[in-house]
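Residues per chain are reported as follows:
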Amino acid sequence: MRHYELDDADVAVVVGSGPGGASLALRLARAGLDVVMLESGRWIDPEDFVDDERIAFAQLSWLEARRATGSWTLAHDFPALPAWNGHAVGGTALLWTGLTPRFKDHEFRTRSSYGEIAGASLADWPIDPAELAPYYAESERAMGVSHREGRPPMPANTSYRVFANGAERVGYRHYATGPYATNVEPYDGRPGTIQDGFNSQGDRHRSKWTPLVSEIPKAIATDRFELRPESHAVRITLDAAGRADGVEYLDRDGVLRRQRAALVAVAGNAIETPRLLLLSATAGHEHGLGNASDHLGRHYMRHTTGVVYGQFPDEVHMYRGENMAGIVADESRHDPERGFAGGYYLETISQGLPSFTTFMEPGGWGADFTARVEGYPRTAASWICGEDLPQPGNRVTLSDELVDRWGLPAPEVHYDDHPNDVAMREHAYGRVEAMFRAVGAERVWRAPAMPSGHNLGTARMSADPADGVVDPEGRVHGVPNLFVSDGSVFTTGAAANPTLTIMALSLRQGDRIVDARRRGEL
Amino acid sequence: MTEDQPAPAVPDATASTLLALARALYPHPGIPDGPYERAVALLAADAAASSELSALVAAGAAEAAAALGDPGAASLEARTAWLAAHEGEAFFAFVRERICFHLYDDREVWQLLGYPGPSYALGGYLHRGFDELPWLPDPRVEELDEPLVELGPLGASAASEAAAPAAASAGAEVTA
Ligand SMILES: Cc1cc2nc3c(=O)[nH]c(=O)nc-3n(C[C@H](O)[C@H](O)[C@H](O)COP(=O)(O)OP(=O)(O)OC[C@H]3O[C@@H](n4cnc5c(N)ncnc54)[C@H](O)[C@@H]3O)c2cc1C
């Protein structure tokens, strides 16, 4: 692998090796820029992944100090784990399952489509959806998404069979096993899935798309890219003219280093990205980089979510096969007649016994709990993924009390449900219950959110610097060579799972950076 | 996690009280004492990591033993009632969470409850029934070749279904 000197001032530094950072880095390296990637987590070979929920959770997850506050159930159920993020090369994609719906056009214009909603900071995205369309297609190709451009659909596993039949019987029409970013057949040098049911444990088989098995090795092959794992960025530095000129990071031995940079892109996900920008406060940016307008860290979104479980007279064996290869899109529309703005997807979810017992009723115990545990082989489940409304008070801040292993203030994540979120979740719970009953469920029950896998909005995109943190290219307002390249930039969250959109935005941003560089601006 | 018995980290009396409470927290008549004993031993090892936790566990177990007489001989109802009365307390929270965590991570429990665990070495389920569900028809897997309604109500059939009886309130459970 290529090596760059710390005082090489002409490199692009990318912080974070998840889908956002890795897609950008590969784009830049292929265009001939020199790229140094700082990743806080370790490199883990796919063959070292462990098909055990507990061991893999400890191996792959971000387990640094965090705190959840607010009215969301996570503050009660999992107060130290508001989000489930990855902490290794490849980022949270090591944990992800792979559903990749696109945004709908009106979801880029929610303020115009939904109107004013009290308490919500709705805004239209400052970009034209049509401009993103080719980047969506390119992202689907990069991930090898099923159901697209002739790639075959995922076959139906047992969970999907229950879910899709239920959907059909309640009158839904738009159900399918994808689009899903795991190979059905060999693609891009990686094999087809063997349906082993361990997506969120990294996927030993490499059928699931992650940057670890795709963008990162491709970037290394350009010879224009250096990956530095176990390198935790702690501060972005600015020069006298107010341009980013380097990133300070702690290496694996805890030694503080500084990589000089021609430009910096931050892709640490929507909790760590605002934390790094807040920690980088400096003269002229006393409240953090990009925070002149006081939007940094605010408008945090995580999708309106919850799980419904159904138990049937006959066996399901939910642990068999791809963990989330099923989606119903009928309710993803915006239809205020249902009593809320925005829409939601219903998605299959399967869990092994350890996860099932952790999440199916957090804190539960007693004979009624164990009766449901004994029904595990006869259980199917569906996860709700709906648009939650941005609210300025839902925010990531630096803790006054908690510190992480590096001695830095830990993030606190505050989230209060908006009445719209509550109404949507209520509706969604009822619809899944109806689906499961329609195919004979003897028992159905509702469970609250799991720690958030989708984290969005904390460096929101706005045309006017007064309204957000980054411009339509993801460039931090007020720091012309500093970019944000992850879901933090989402102005609003849409119903769709976010990763395809994160990648599309990164690819588009990469093209803009390359153009600006050619013009001599970066 | 392992079938080997970890070294006991609490006195026998505490361990037997915790065993009696564990069996009441997660009562599975078909699961023998072995997995519960292992979960208790792992809990004790977790508690041993901090003097505060050790003291919490020792004091809570002593209180339970005092209230229940011989906890091992106390009825399931009596143990359950004691647990319910102490649900908001730190001892309960720690013991419940640790027992749930360790009990359902035990290989013997997996086997008894029908969770096979890792499948990679067996070739996953690709040729071992990932798609076997004889009690329902084969559903379509492709997306529908028909535009999705993105704004406004669904077509007639689904809309009438969507208006079907509303569900119980959040958190409630419904038995069909
Ligand atoms: C169980 C689960 C299932 C999911 N399923 C889906 C799905 O089906 N569809 C979908 O679209 N999305 C899904 N997601 C979400 C998806 O994983 C994320 O949207 C995606 O990974 C975000 O990419 P990212 O690059 O923005 O951030 P991440 O993937 O989180 O990557 C950020 C990286 O930055 C690193 N980092 C953070 N701070 C620093 C620092 N200071 N210095 C150096 N490095 C740093 C982190 O270690 C991490 O590797 C799922 C998530 C989970 C947890």
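Residues numbered from 1 in each chain as written. Chains lettered and ligands numbered in written order. Predicted model: local features only at pLDDT ≥ 70, side-chain atom pairs only at ≥ 80, totals over all residues. Heavy atoms only, no water.

A. Quick look at the UniProt feature "domain: Glucose-methanol-choline oxidoreductase C-terminal" (unreviewed entry) in chain A. As annotated in UniProt, the feature "domain: Glucose-methanol-choline oxidoreductase C-terminal" (unreviewed entry) corresponds to residues 390-505 of chain A in the numbering used here. With 23% helix and 20% strand, the stretch residues 390-505 of chain A has end C-alpha atoms that lie 20 Å from each other. (UniProt positions renumbered as here; feature names shortened; annotations may be inferred. Helix = DSSP H or I, 4+ residues; strand = E, 2+ residues; numbered from the N terminus.)

B. Fine view of unusual backbone geometry. Residues and elements named next belong to chain A. The amide bond that connects glycine 178 to the next residue, proline 179, takes the cis arrangement and shows omega of 15 degrees. Within the element layout of this structure, proline 179 appears in the loop between β4 (175-176) and α7 (215-221). In this model, glutamate 149 sits at a positive phi of 50 degrees, which is unusual for a non-glycine residue.

C. Representation of helix α8 (residues 269-279) of chain A within the structure. Burial runs high along α8 of chain A: eleven of the eleven residues are buried. Tucked into the core, α8 of chain A has its buried residues touching β1 (12-15), β6 (232-238), β9 (263-266), β14 (395-403), β15 (409-414) and β17 (482-484) of chain A. (Buried < 20%, exposed > 50% of the residue type's maximum accessible area, 1.4 Å probe, protein only. Contact = heavy atoms within 4.5 Å.)

D. Up close: the pairing of β6 of chain A. Residues and elements named next belong to chain A. Of all seven residues in β6, six are buried; the element is thus mostly enclosed. The pairing of β6 with strand β7 (residues 244-250) spans six bridges and is classified as antiparallel. Across the sheet, residue alanine 233 finds its bridge partner in β7, namely tyrosine 249. The turn linking β6 back onto β7 is made up of five residues, and glycine 242 within it adopts a positive phi angle of 90 degrees. (Pairing = 2+ DSSP bridges.)

E. Spotlight on the layout of surface pockets. One number sums up the size of the second largest pocket: a volume of about 460 Å³. Taken together, 19 residues form the lining of the second largest pocket, with Arg102, Arg148 and Tyr345 of chain A together with Glu143 and Leu148 of chain B sitting closest to its centre. Of the residues assigned to the lining of the second largest pocket, the class counts are ten nonpolar, two polar and seven charged. (1 Å grid on protein atoms, 1.4 Å probe; cavity = no way out; pocket = protein on both sides within 12 Å on 5 of 7 lines; lining within 4 Å. Points joined across faces, edges and corners; volume = space filled by probe spheres on them. Nonpolar A, V, L, I, M, F, W, Y, C, P; charged D, E, K, R; others polar.)

F. Just the site of the ligand, in detail. All names here are of chain A. Of all residues adjacent to the ligand, which total 38 residues, the nearest are Glu39, Thr92, Leu99, Asn269 and Thr499. Within the side chain of threonine 92, a nitrogen or oxygen atom sits 2.5 Å from an oxygen atom of the ligand. The residue inventory of the shell around the ligand, partitioned by class, reads 15 nonpolar, 20 polar and three charged. (Near = heavy atom within 4 Å. Polar contact = N/O pair within 3.5 Å; in protein donor to acceptor, adjacent residues only side chain to side chain.)

G. Here's a closer look at empty space enclosed by the protein. All names here are of chain A. Applying the stated rule across the entire model yields two cavities of 30 Å³ or more. The volume enclosed by the largest cavity comes to roughly 60 Å³. Among the elements that line the lining of the largest cavity, the one with the most residues is helix α12 (residues 499-518), at five residues. Looking at side-chain class alone, the lining of the largest cavity contains six nonpolar, four polar and three charged residues.

H. Layout of the UniProt feature "domain: Glucose-methanol-choline oxidoreductase N-terminal" (unreviewed entry) in chain A. Listed under "domain: Glucose-methanol-choline oxidoreductase N-terminal" (unreviewed entry) in the UniProt record, and renumbered for this structure, are residues 85-297 of chain A. The distance separating the terminal C-alpha atoms of residues 85-297 of chain A is 17 Å; by composition the span is 23% helix and 14% strand.

I. Broad picture of the packing of helix α1 (residues 12-25) of chain B against helix α4 (residues 76-85) of chain B. Residues and elements named next belong to chain B. The N-to-C vectors of α1 and α4 enclose an angle of 90 degrees; their axes lie 9 Å apart at closest approach. What the angle tells us is that α1 and α4 run roughly perpendicular. The residues of α4 that touch α1, namely those facing Ala20, Leu21, Arg23, Ala24 and Leu25, are Leu76, Arg79, Thr80, Trp82 and Leu83. Taken together, the residues that form the contact of α1 with α4 break down as seven nonpolar, one polar and two charged. (Axes fitted to C-alpha atoms, helices over the stretch in contact; angles between N-to-C directions. Parallel < 35°, antiparallel > 145°, perpendicular 65-115°, else oblique.)

J. Inspection of the pairing of strand β16 (residues 443-447) of chain A at higher detail. Residue and element names in this part refer to chain A. Across the five residues of β16, five count as buried, placing the element largely inside the fold. The two faces of β16 match: Arg443, Trp445 and Ala447 on one face and Val444 and Arg446 on the other face are all buried. Sheet topology note: the strand β10 (residues 304-311)/β16 ladder contains five bridges and is antiparallel. Bridge assignment links valine 308 to a residue of β16, and that residue is arginine 446.

K. Expanded view of the pattern of salt bridges. Residues and elements named next belong to chain A. Here the structure, examined in full by the defined rule, presents 51 salt bridges over all chains. Linking glutamate 401 and arginine 67 is a salt bridge whose minimum nitrogen-to-oxygen distance equals 3.2 Å. Here arginine 67 lies in strand β3 (residues 67-69) and glutamate 401 lies in strand β14, a separation of 334 residues in the sequence. A relative accessible area of 26% places arginine 67 in the partly exposed class. Glutamate 521 serves as the salt-bridge partner of arginine 519, at 2.7 Å between the closest nitrogen and oxygen. Using a relative accessible area of 40% as the deciding quantity, one classes glutamate 521 as partly exposed. The structure contains a network of salt bridges with shared partners spanning Glu131, Asp471, Glu473, Arg475, Arg508 and Arg512. (Salt bridge = Lys/Arg side-chain N within 4 Å of Asp/Glu carboxyl O.)

L. Structural view of the interface of chain A and chain B. At the junction of the two partners, chain A supplies 81 residues and chain B supplies 69 residues. Of the roughly 6,300 Å² buried where chain A meets chain B, counting both sides, 59% is carbon and sulfur surface. Looking at the side of chain A facing chain B, the largest losses of area belong to Arg54, Arg161 and Trp365 of chain A, adding up to 13% of the total buried there. Between arginine 107 of chain B and aspartate 52 of chain A there is a salt bridge whose closest N-O contact spans 2.7 Å. Along the contact surface separating chain A from chain B lie 29 residue pairs in polar contact (both at pLDDT 80 or more). Going through the elements one at a time, α2 (53-60), α6 (158-169), β4, α9 (353-359), α10 (367-374), α11 (419-438) and β16 of chain A are the ones with two or more residues in the side of chain A that touches chain B. Broken down by element, the residue count for the side of chain A that touches chain B peaks at seven residues, all from α6 of chain A. (Buried area = accessible area lost by both parts, 1.4 Å probe.)

M. Examining the packing of aromatic side chains more closely. For the structure on display, the rule yields 29 aromatic pairs over all chains. Taking 5.9 Å as the distance between ring centres and 75 degrees as the angle between the ring planes, the aromatic pair formed by tyrosine 319 of chain A and tyrosine 115 of chain B counts as edge-to-face. Placement of tyrosine 319 of chain A in the loop between β10 and β11 (327-328) and of tyrosine 115 of chain B in the loop between α6 (107-113) and α7 (156-162) is noted, with the two residues assigned to different chains. Like tyrosine 115 of chain B, tyrosine 319 of chain A is buried. Here the guanidinium or amino end of arginine 372 of chain A rests over the ring plane of tryptophan 445 of chain A, the centre of that ring lying 4.9 Å away. The positively charged end of arginine 107 of chain B is found above the aromatic ring belonging to tryptophan 110 of chain B, 3.9 Å away from the centroid. (Phe/Tyr/Trp six-rings, centres within 6.5 Å; stacked < 30°, edge-to-face > 60°. Lys NZ or Arg CZ within 6 Å of the ring centre and 35° of its normal.)

N. Spatial organisation of the environment of leucine 33 of chain A. All names here are of chain A. Mapped onto the elements, leucine 33 comes out in the loop between α1 (19-30) and β2 (35-38). Owing to a relative accessible area of 7%, leucine 33 belongs among the buried residues under this scheme. Considered as a pair, leucine 33 and isoleucine 513 are 480 residues apart in the sequence and their alpha carbons are 9.9 Å apart. Leave out the neighbours within four places in its chain, and leucine 33 touches Leu28, Arg224, Leu263, Ile513, Val514 and Arg517.

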